[in-house]
Amino acid sequence: MVQEYQSPVRVYKQPFELIMAMAGVDYLYFIQKNTLNRRERTLHIEVRNETFSSRVVVHECCNYMVHPENEDWTCFEQIASLDIKSFFGFESTAEKIAMKQYASSIKKGKEIMEYYLRELEEEGITYIPRWTPTFAPPTTAKLQLAPISITRAIPVPSVMDGSSRKDPGSPSELLAGSPDDKLDADYIRRYLGDLTPLQESRLIRLRQWLQEMHKGKIPKDQHVLRFLRAQDFNLDKARELLCQSLTWRKQHQVDFLLDSWEQPQLLQDYYTGGWHHYDRDGRPLYILRLGQMDTKGLVRTLGEEALLRQVLSINEEGLRHCEENTRVFGRPISCWTCLVDLEGLNMRHLWRPGVKALLRIIEVVEANYPETLGRLLILRAPRVFPVLWTLVSPFINENTRRKFLIYAGNDYQGPGGLVDYIDKELIPDFLGGECMCEIPEGGLVPKSLYRTAEELESEETRLWTDSLYKSASVFKGAPYELLVEITEASCVITWDFDVCKGDVTFNLYHSKRDPEPPKKDTLVAHGITSPGAINVQLIDKSWVLGQDYSMVETALTCTEGESVQGSHVTRWPGFYILQWRFHSSPACTASSLPGVDDVLASLQVSSHKCKVMYYTEVLGSRDFRGSMTSLESSHSGFSQVSAATISSRQSQASSIISR
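Report on the accompanying structure. If you're wondering where the values come from, they're calculated on a predicted model, not measured in any experiment. In every chain, residue numbers begin from 1 and rise along the written sequence. Reporting in this predicted model follows two pLDDT cut-offs: at least 70 for local features of residues, and 80 or more for side-chain atom pairs to be given and counted; totals over whole chains, interfaces and linings ignore these cut-offs and use all residues. The basis for every side-chain value is the complete set of non-hydrogen atoms in the structure, without hydrogens or water.

Before going further, it helps to examine the sheet that holds strand E14 (residues 480-486). The strand order E14-E19-E16-E17 describes an open sheet built from four strands, whose pairing is antiparallel. Two strands lie at the open edges of the sheet, namely E14 and strand E17 (550-558), each paired on one side alone. Direction aside, the axes of adjacent strands within the sheet are offset by 15 degrees on average. Note on pairing: two strands pair once DSSP finds at least 2 bridges between them. Under the scheme used here, helices are H or I runs from DSSP no shorter than 4 residues and strands are E runs no shorter than 2 residues, and both carry numbers assigned from the N terminus. Sheet topology places strand E16 (residues 504-511) next to E17; six bridges connect them, and they run antiparallel. Opposite Leu 508, over in E17, you have Glu 553 as the bridge partner. A fitted line through C-alpha atoms represents every axis, and for helices the fit uses only the stretch in contact; the resulting angles, taken between N-to-C directions, go from 0 to 180 degrees.

What follows concerns the nonpolar core. We call a set of buried residues a nonpolar core when its members are Ala, Val, Leu, Ile, Met, Phe, Trp, Tyr or Cys and they connect through side-chain atoms within 4.5 Å of each other. Each residue's exposure class comes from its accessible area (1.4 Å probe, protein chains only) as a fraction of the maximum for that residue type: buried when under 20%, exposed when over 50%, partly exposed otherwise. Grouped together as the largest cluster of nonpolar side chains are 48 residues, with contacts concentrated most on Tyr 271, Leu 298 and Leu 342. For this core, the elements supplying multiple residues, two or more each, are helix H9 (265-270), strand E9 (284-288), helix H10 (295-302), helix H11 (304-329), strand E10 (336-341), helix H12 (352-368), strand E11 (373-381) and helix H13 (385-392). The dominant element in this core, judged by the number of residues it contributes, is H11, at eight residues. Beyond its immediate sequence surroundings of up to four residues, Leu 342 is in contact with Leu 290, Gly 291, Ile 378, Leu 379, Arg 380, Ala 381, Pro 382 and Phe 385. With 25 residues, the next largest nonpolar core counts Val 484, Ile 486, Val 499 and Leu 556 among its residues. In what follows, a contact means two residues having at least one pair of non-hydrogen atoms within 4.5 Å.

Glancing now at the environment of Gly 433. Within the secondary structure layout, Gly 433 lies in the loop between strand E12 (404-408) and helix H15 (453-465). Other than its neighbours up to four places away in sequence, Gly 433 contacts Ile 427 and Pro 428.

This part takes up the sheet that holds E10. Taken in spatial order, the five strands line up as E8-E9-E10-E11-E12 in an open sheet, and their pairing is mixed. With partners counted over all chains shown, the strands left at the sheet margins are strand E8 (273-278) and E12, one partner each. The mean inter-strand angle of the sheet, taken between neighbouring strand axes irrespective of direction, is 20 degrees. With four bridges joining them, E11 and E12 adopt parallel strand pairing. Following the sheet pairing, Ala 381 is matched in E12 by Ala 408. Along the sheet, H11 makes contact with E8, E9 and E10, crossing E8 at roughly 10 degrees.

In terms of burial, E16 is largely enclosed, as eight of its eight residues are buried. Because side chains alternate across E16, one face comprises the buried residues Val 504, Phe 506, Leu 508 and His 510, and the other comprises Thr 505, Asn 507, Tyr 509 and Ser 511, equally buried. Pairing geometry for E16 and strand E19 (residues 574-582), over eight bridges, is antiparallel. In the sheet register, Phe 506 faces E19, and the bridge partner there is Trp 580.

Two side chains with opposite charge may pair up if their charged atoms get near one another. Salt bridge, as used here, is a side-chain nitrogen of Lys or Arg placed within 4 Å of a carboxyl oxygen of Asp or Glu. Under the criterion given, the structure shown has 19 salt bridges. By sharing partners, the salt bridges in this structure join Glu 71, Asp 72 and Arg 130 into a single network.

Glancing now at the packing of aromatic side chains. Two descriptors summarise a pair of aromatic rings, namely the distance from one centre to the other and the angle between the planes of the rings. Geometry of aromatic contacts follows a simple scheme: Phe, Tyr and Trp rings, the Trp one being its six-membered ring, pair when their centres are within 6.5 Å, and the pair is stacked under 30 degrees between planes, edge-to-face over 60, tilted otherwise. Inspection of every chain in the model, using the stated rule, returns 17 aromatic pairs. Taking 5.7 Å as the distance between ring centres and 50 degrees as the angle between the ring planes, the aromatic pair formed by Tyr 480 and Tyr 614 counts as tilted. In this pair, Tyr 480 sits in strand E14 while Tyr 614 sits in strand E20 (residues 609-619), placing the two residues 134 residues apart along the sequence. The exposure class of Tyr 480 is buried, given its relative accessible area of 16%. Here Tyr 614 falls in the buried class, since its relative accessible area comes to 7%.

For the rest of this paragraph, the subject is H11. Taking 1.5 Å per residue, 26 residues should reach 38 Å; H11 reaches 37 Å between its end C-alpha atoms and fits that length. The first or second residue beyond H11 is Gly 330, which carries a positive phi of 75 degrees. The span expected for a helix works out to 1.5 Å for each residue beyond the first.

A positive phi is found at Asp 232, a non-glycine position, where the angle reads about 55 degrees. By relative accessible area, Asp 232 is classed as exposed at 64%. Of note, the phi angle at His 277 is positive, near 55 degrees, even though the residue is not glycine. In this structure, His 277 sits in strand E8. Look at His 277 and you get partly exposed, because its relative accessible area is 45%.

Dropping the structure here:
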């Protein structure tokens, strides 16, 4: 329900020009639209929020005008509306509270205005001459004031009468005059490229939001800008996709991939791809001789995960090459060119597991490396290519597909071909050029190197477990539990986890008994048979809380998108159990009788599934350097809804946690 407020008309017993001098209309917030008509002596201010506009809609209109009966007096009128679209089911209540607070706060506006008017009178300023045009125009003209640069100071009177309200904790709130609220023009031209004022503003807002909310490595402006460009500078969509990508990079330690991953010898010998100079625009050039690659042999010998990591390392190398070329050529280069040679492509390349691996690689790259492909040149496409294109094209973003240039046969050698995009002296020798190309020629992988499905699965499991962070699924009625054995007191158990999907309740228990895993899958009752989704429950159903085990940390409810860090100083040796339990919202449990939606949701297992990504570590009392009371437990909002970092509750037992 939309809440509206209309203030009574206020009358200032001063002329319109004097009120305008106090209002400071020459300095405006960038979210305001101000229309000043000096001839008619009116000022119309219209304000709409951009921050959290998908959840909250605020519309405010303020009008200054001459009193109809006394032209030396000024009237002020204010109208505001508030519509909260999503607030955890309490939209109507929140609207009423907000409007009540709003109405009480703007009553002080007149008092503030009169205070500064008295100061002007004390300085001897009691009259400002009316505006007269230098050249008398034949018609009345209205002057539209455009919002000025946000780097200019905003005077205190500009917030009088509630004419502009912004949440100082919102991601779009920028401190006036701070060095981070406007990018240097030379920096933009040198490293980012042409940006409109709106695009620059949204880049700044997204970057500041990351600095305030993201607990981890902050990506560079060039990388943030790619996500904005991929979403046509839609701030909410870009923020959501960027957060998902940062979580993915954190889970798989992608930032350290080039330093930690060693390319298998098989890939060095049979993977027919590599970097080759640059194109005419200075973009790094990557060449892939897909027709010469034995995709089936590579999948059968290395597995899907090894090929995925190979492609990820290529993309990470591409980002570095873009930075290097930006320095070399003195202009922003944010993407690369890929040349794919399809000579030799045949039905062998349409092997179903190989196509499946290709589709997954495309999905990962599209989600985490947007706007990194500047141009894709496909050469010597055979007759079988349309079949492969039909399978792959639906998984490629439409903006990316526009960058594809396809040449059949030797068409690339004529006008409008390869020489339009690559300097003649840099065209590879196998395409008729003069430049030697050191990319492997590939060939068939010996079948003697093929491995069984079990061996490949074990290898892929090892690749995934190399990640510092682990993934876990939490089902309704089947919590995910992790056992930590402590042999001496005063050890420190630390945890760091992100709630990727759903809401969970986090608990920490202690038991002197060694928990025994159940003999059968506890998820069979839920109809879940996937081996990867099995949760091992350590707390036996026969155990009694307070006798067989005890809670040593207050339960912490975490919502989707939150990042949680915490620690616990152990008093006793024994077995500690970290538990993530499915959390049902109060709205679903308030009624004893299930509704239609609840019954339908109960038929879908996916509606009872949460996902967390976690990391735990135990620090020994001898190894831990520093005060035990210096450890903190907190959870921060990784979504735009949660804006504050909240300290963890005090432990019910003897854990020492600083606030």
